[in-house]
Amino acid sequence: MSTLVLIEHDNKTLSPVSLNVLNAAKQIGKPITALVVGSDCANVADQVAKIAGVDLVLLADNAAYEHQLAENVSKLLLEQIDPDNKGADAARFSYVLAASTTTGKNILPRVAALLGVNQLSDVMAIESESRFKRAIYAGNAIATVESSDAVKVMTIRGTAFDAINAEGGAALIESLSNVHLSADIEFVEESLAVSERPELTAATTVISGGRGLGNGENFNMLYSLADKLGAAVGASRAAVDAGFVPNDMQVGQTGKMVAPELYIAVGISGAIQHLAGMKDSKVIVAINKDEEAPIFQVADYGLVGDLFDLVPELEGKII
Amino acid sequence: MKILVAVKRVIDYNVKVRVKADQSNVDLNNVKMALNPFCEIAVEEAVRLKEQGVATEVVVVSIGSKSCQEQLRNALALGCDRAIQVEAEDGPDSLSVARILAKVAEAETPGLILLGKQAIDSDNNQTGQMLAALLDRPQATFASEIKIEEGKASVTREIDGGLQTLKLTLPAVVTTDLRLNEPRFASLPNIMKAKRKPLEVKSADELGVSVSSNIKLISVEEPAQRQAGIKVSSVDELVEKLRNEAKVIA
Ligand SMILES: Cc1cc2nc3c(=O)[nH]c(=O)nc-3n(C[C@H](O)[C@H](O)[C@H](O)COP(=O)(O)OP(=O)(O)OC[C@H]3O[C@@H](n4cnc5c(N)ncnc54)[C@H](O)[C@@H]3O)c2cc1C
Ligand SMILES: Nc1ncnc2c1ncn2[C@@H]1O[C@H](COP(=O)(O)O)[C@@H](O)[C@H]1O
């Protein structure tokens with residue numbers, strides 16, 4: 001019985017979160033097959049083959065998979081997991097994992113439903129072969145759940161697992177030729193944020209701004225502080241809703257989960273939905289003019305005052 | 001075109017949940033319950049599509065015990081035309097919910113099915129995707145814009161890297177994100193009117209779905225609490241602490 005991991009990538013490079021997911025797979029302790037689905041993505045398969053612990057790489061490289069649409073990728077996965085259509089009990093894999101990103105969340109539940117099993121979302125600990133921990137209620141409670149499904153389909157919270165070593169492996173790459181292409185769905189366009197800064201979920205330092213920033217232009221203060229610290233910049237929902245910054249910067253229950261070494265919350269009140277996305281950070285700093293703001297209850301270091309004075313001063317004092 | 005909207009009764013998002021002393025689950029006794037915020041957005045979108053003349057009827061469905069009728073009435077007050085409660089013990093798993101919704105969809109034949117992207121209690125984010133798979137229909141998750149034209153839905157999705165637009169052939173399943181719309185409040189006359197709108201009760205058995213689950217909840221614990229921190233009095237002190245105590249900056 002082995003584990004199938006759906007690899008996250010952009011057709012050129014492997015996303016760092018895949019290394020965390022592979023570590024979760026390693027903790028399960030079964031042989032690992034990694035599936036790379038995309039278009040012109042052989043490079044990614046090469047990278048994955050070099051990862052220590054990966055036993056086999058399956059590569060489905062076809063123009064039909066360029067945008068990894070869930071309708072198509074889920075059928076490809078199903079075909080690998082249950083090739084003879086005999087149901088979950090006869091499946092080739094007993095675990096199917098993907099990152100708990102918008103890609104993983106989009107595809108994996110479809111695979112679970114096609115197999116007739118449940119999905120465990122956003123798993124943060126592997127307790128045994130069938131017991132797992134996951135956060136519920138915006139992280140205000142941690143549930144231990146046991147699954148008796150023949151195939152355990154799980155999305156993995158990247159920040160809860162260390163990255164596996166990206167070197168040292170030499171797995172075989174096997175190409176898959178079957179193509180699934182639904183006529184009912186069509187990719188139209190994508191506008192992706194381009195940033196020189198580290199990716200939010202992988203950064204060691206994150207600076208987030210909230211409604212207190214007042215407008216989008218004022219985020220420049222955070223960007224220049226971030227550039228000094230090599231940090232990524234995030235935001236609260238209120239800042240995104242107000243149009244200060246794009247949606248991909250939202251941290252929280254319904255945005256991105258981050259757990260950097262250092263998280264600096266600027267002009268953010270600290271609603272539970274925001275805390276859900278950042279309270280596992282190692283060190284939390286809060287800058288807020290309201291000394292009663294709930295963010296101070298989770299902050300290791302709280303600085304009360306006007307962010308428009310304090311942020312530039314902080315930037316000036318960092319080497 | 002008919003729109004089917006699935007809604008879930010959950011703890012009000014303002015309430016801080018507590019774990020029961022015996023760690024069997026969270027304590028939902030005497031806790032304020034509400035429509036899941038994402039479901040409220042789904043209801044609003046369906047009602048707007050009806051107001052624009054795109055949809056002709058909006059049917060709202062919830063799966064749960066009798067108490068979820070309160071949320072169904074709420075959805076009717078917001079503008080849905082009729083409601084279906086599928087009686088089941090509270091907290092059926094997502095696969096069971098998706099199977100029941102698939103049966104309802106087969107009977108109702110909607111052109112569009114709207115769900116929230118996530119229930120704020122389970123934080124599962126999976127039911128809509130499962131439903132789409134069971135119906136073998138296209139899906140657009142985490143929608144921030146929906147346009148219906150000529151039998152297709154053009155949907156903008158909030159993804160980790162930014163925004164993506166897909167075109168789906170109807171019928172299709174769409175799950176809502178926070179920025180799709182801002183839900184209205186129900187007016188008093190509409191709340192009164194909602195009491196007379198049809199609400200049909202069905203059972204899962206009747207639909208031929210068993211709601212037993214292969215997922216067992218073993219225990220629920222409080223998350224690790226953070227040590228209370230300190231307030232620093234100046235930027236200098238902050239920089240000193242970050243450098244020498246926390247050692248997170250150079
Ligand atoms: C279903 C649901 C999901 C949600 N998901 C998320 C999520 O994923 N992420 C998220 O962040 N939120 C989420 N929210 C929203 C959340 O409840 C809060 O509304 C939001 O986090 C508030 O953002 P904020 O702290 O920036 O704004 P506010 O609460 O308005 O706080 C602004 C803060 O800035 C401070 N401030 C103002 N001016 C200054 C100044 N000059 N100097 C210093 N401080 C100043 C104020 O004292 C205040 O504390 C969700 C809500 C719901 C209902
Ligand atoms: N018991 C239920 N009854 C009706 N709809 C539900 C139920 N549970 C989940 N849903 C729908 O599925 C969405 C996503 O829920 P989940 O996948 O559990 O996070 C919700 O926003 C609802 O639209």
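Thresholds applied
- Residues numbered from 1 in each chain as written.
- Chains lettered and ligands numbered in written order.
- Predicted model: local features only at pLDDT ≥ 70, side-chain atom pairs only at ≥ 80, totals over all residues.
- Heavy atoms only, no water.
- Helix = DSSP H or I, 4+ residues; strand = E, 2+ residues; numbered from the N terminus.
- Rg over C-alpha atoms; globule rule 2.2 N^0.38 Å.
- Buried < 20%, exposed > 50% of the residue type's maximum accessible area, 1.4 Å probe, protein only.
- Contact = heavy atoms within 4.5 Å.
- Areas by Shrake-Rupley, 256 points an atom, 1.4 Å probe, with all protein chains shown as cover.
- Lys, Arg positive; Asp, Glu negative; His and termini not counted.
- Charge placed at Lys NZ, Arg CZ, Asp CG, Glu CD.
- Phe/Tyr/Trp six-rings, centres within 6.5 Å; stacked < 30°, edge-to-face > 60°.
- Lys NZ or Arg CZ within 6 Å of the ring centre and 35° of its normal.
- Near = heavy atom within 4 Å.
- Polar contact = N/O pair within 3.5 Å; in protein donor to acceptor, adjacent residues only side chain to side chain.
- Nonpolar A, V, L, I, M, F, W, Y, C, P; charged D, E, K, R; others polar.
- 1 Å grid on protein atoms, 1.4 Å probe; cavity = no way out; pocket = protein on both sides within 12 Å on 5 of 7 lines; lining within 4 Å.
- Points joined across faces, edges and corners; volume = space filled by probe spheres on them.
- Pairing = 2+ DSSP bridges.
- Axes fitted to C-alpha atoms, helices over the stretch in contact; angles between N-to-C directions.
- pLDDT = per-residue confidence, 0-100.

Notes on the overall build of chain A
At step 1: Along its length, chain A carries eight helices and 15 strands.
At step 2: Computed over its C-alpha atoms, the radius of gyration of chain A comes to 21 Å, within 12% of the 20 Å expected for a compact globule of 319 residues.
At step 3: Seen through its principal axes, chain A has C-alpha atoms that stretch 65 × 40 × 40 Å.
At step 4: Counting across all 319 residues of chain A, residues that qualify as buried make up 60%.
At step 5: Counting only contacts in chain A whose residues sit at least 6 apart along the sequence, the fraction spanning at least 24 positions is 65%.
At step 6: Only carbon and sulfur atoms are counted for the fraction: they give 46% of the accessible area of chain A, which is about 12000 Å².
At step 7: On chain A, the mean spot of the 23 positive side-chain charges and the mean spot of the 40 negative ones are 5 Å from each other.

Focus on the packing of aromatic side chains
At step 1: The tally for this structure, following the rule as stated, stands at two aromatic pairs over all chains.
At step 2: Geometry around B:Phe142 places B:Lys117 over its ring, the cationic atom sitting 5.7 Å from the centre.
At step 3: Directly above the aromatic system of A:Phe296 lies the positively charged group of B:Lys231, at a separation of 4.7 Å from the ring centroid.

Points about the site of ligand 2
Residue and element names in this part refer to chain B.
At step 1: Around ligand 2 sit 19 residues, and of these Ala6, Ile63, Ala119, Asn125 and Thr127 come closest.
At step 2: In this structure, glycine 116 approaches ligand 2 through a main-chain N or O atom, which is 3.0 Å from an oxygen atom.
At step 3: Here serine 122 contributes a side-chain N or O atom positioned 3.5 Å from an oxygen atom of ligand 2.
At step 4: Look at ligand 2: alone it shows 490 Å² of surface, and the protein chains cover 98% of it.
At step 5: Among the elements of the structure, β4 (57-64), α3 (94-108) and β6 (112-116) are those that each provide at least two residues to the shell around ligand 2.
At step 6: Per-element tally for the shell around ligand 2: the top contributor is β4, with three residues.
At step 7: Here the shell around ligand 2 is built from residues that sort into eight nonpolar, ten polar and one charged.

With respect to the site of ligand 1
At step 1: Lining the immediate surroundings of ligand 1 are 30 residues, of which A:Arg211, A:Ser236, A:Thr254, A:Ser269 and A:Asn288 lie closest.
At step 2: At the site occupied by ligand 1, nearby residues are drawn from chains A and B.
At step 3: Within the backbone of A:Val251, a nitrogen or oxygen atom sits 2.8 Å from a nitrogen atom of ligand 1.
At step 4: Interatomic distance of 3.0 Å between a side-chain N/O atom of A:Asp306 and a nitrogen atom of ligand 1.

Some thoughts on empty space enclosed by the protein
Where empty space is left in the structure can be found by rolling a water-sized probe over the atoms.
At step 1: Per the stated rule, a full pass over the model turns up three cavities of 30 Å³ or more.
At step 2: The calculated volume of the largest cavity comes to roughly 80 Å³.
At step 3: A:Tyr137, A:Ala138, A:Asn140, A:Gln253, A:Ile272, A:Gln273, B:Ile11, B:Asp12, B:Tyr13, B:Val15, B:Val17 and B:Ile120 together form the lining of the largest cavity.
At step 4: Considered class by class, the residues forming the lining of the largest cavity number eight nonpolar, three polar and one charged.
At step 5: Quantified by volume, the second largest cavity comes out at close to 40 Å³.
At step 6: If you trace the second largest cavity, you find it lined by A:Arg157, A:Thr159, A:Met257, A:Val258, A:Ala259, A:Ala276, A:Gly277, A:Met278, A:Lys279 and A:Asp280.
At step 7: The class makeup of the residues in the lining of the second largest cavity is five nonpolar, two polar and three charged.

Quick look at the sheet that holds strand β4 (residues 93-99) of chain A
At step 1: Spatial strand order, β9(A)-β3(A)-β2(A)-β1(A)-β4(A)-β8(A)-β5(A)-β6(A)-β7(A)-β12(B): ten strands in an open sheet with mixed pairing. Sheet topology places β9 (172-175) of chain A together with β12 (215-221) of chain B at the edges, where each strand pairs with a single neighbour. Taking the axes of each pair of neighbouring strands and ignoring which way they run, one obtains an average angle of 35° across the sheet.
At step 2: Here seven bridges tie strand β2 (residues 32-38) of chain A to strand β3 (residues 54-61) of chain A, and the two strands are oriented parallel to one another.

A short note on the confidence of the model for chain B
At step 1: Of all residues in chain B, 100% attain a pLDDT of 70 or more, and the chain-wide mean is 96.
At step 2: Interface confidence for the predicted complex, given as ipTM, is 0.95, next to a pTM of 0.96.

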